[in-house]
Amino acid sequence: MPKAKEIYLTSEGLDEIKKELEHLKLVKRPEVINALKDARALGDLSENAEYDAARNEQAIVEGRIVELEAMVENAVVIEKANTDCVSIGTKVKIEYVGDNDTEEYSIVGSKEADPFQNKISNESPIAQAIMGLKVGDIAHVSSPNGQYDVKILQIV
């Protein structure tokens with residue numbers, strides 16, 4: 001059997017997943033079970049919209065529980081990264097060559113990526129291009145938005 005894909009998470013990200021999993025198991029699952037019981041009590045299940053809705057919600061909750069359990073099981077916690085070069089867990093300040101525009105990104109695992117908070121996935125084109133580079137290095141990025149160069153200004 002092939003090994004499951006490792007999921008890179010910060011310790012905070014893993015804690016959030018564990019909290020969501022606990023909430024689903026201890027709060028949401030019992031709520032859905034009660035909704036199913038109440039809907040069954042209404043009688044004929046073949047035309048019972050409440051029962052259908054509760055079954056759909058149950059499927060969503062159970063699916064999410066399975067997904068989160070797999071994440072926890074395959075999680076690789078990102079330790080404090082070495083700041084000599086860009087890697088998962090580092091913050092990097094880059095300059096878009098030619099634009100003199102700078103941006104700061106945190107390199108995180110794909111499950112924690114949030115572009116609105118400048119957290120980019122290690123699987124994104126820009127992260128793949130700069131991984132392993134040092135301050136002063138220039139990387140060529142090929143993305144769906146075109147090709148461009150970035151210079152590493154700072155690694156934290």
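Coordinates for the structure precede this section.
These remarks concern the structure in this document. Owing to the predicted nature of the structure, the values given are computational and were not obtained by experimental measurement. (Residues numbered from 1 in each chain as written. Predicted model: local features only at pLDDT ≥ 70, side-chain atom pairs only at ≥ 80, totals over all residues. Heavy atoms only, no water.)

Overview of the pairing of strand β3 (residues 91-96)
Let me state the cut-off plainly: Criterion used throughout: strands pair if DSSP finds at least two bridges between them. Every helix listed is a DSSP run of H or I at least four residues long, and every strand listed is a run of E at least two residues long, numbered separately from the N terminus.
Strand direction decides the pairing type here: β3 and strand β4 (residues 101-108), joined by 6 bridges, are antiparallel. Within the sheet, the bridge partner assigned to Ile94 lies in β4 and is Glu103. What sits between the antiparallel neighbours β3 and β4 is a turn of 4 residues, in which Gly98 has the positive phi angle 95°. The pairing of β3 with strand β7 (residues 146-155) spans 5 bridges and is classified as antiparallel. Looking at β7, one finds that Glu95 is bridged to Lys151.

A few points about the sheet that holds strand β5 (residues 119-121)
To keep it simple, the criterion reads: Every axis corresponds to a line fitted to the C-alpha atoms, with the helix fit spanning only the stretch in contact, and the corresponding angles, defined between N-to-C directions, vary from 0 to 180 degrees.
Strand order in the open sheet formed by 5 strands is β5-β4-β3-β7-β6, and the pairing between neighbours is mixed. Looking at the sheet topology across the chains shown, the edges are occupied by β5 and β6 (138-143). Across this sheet, the average inter-strand angle for adjacent strands is 45°, counted without regard to direction. Bridge count between β6 and β7: 6 bridges; the pairing is antiparallel. Counted as the bridge partner of His140 is Asp149 from β7.

Note that all results are geometric; they support no functional claim without further evidence.
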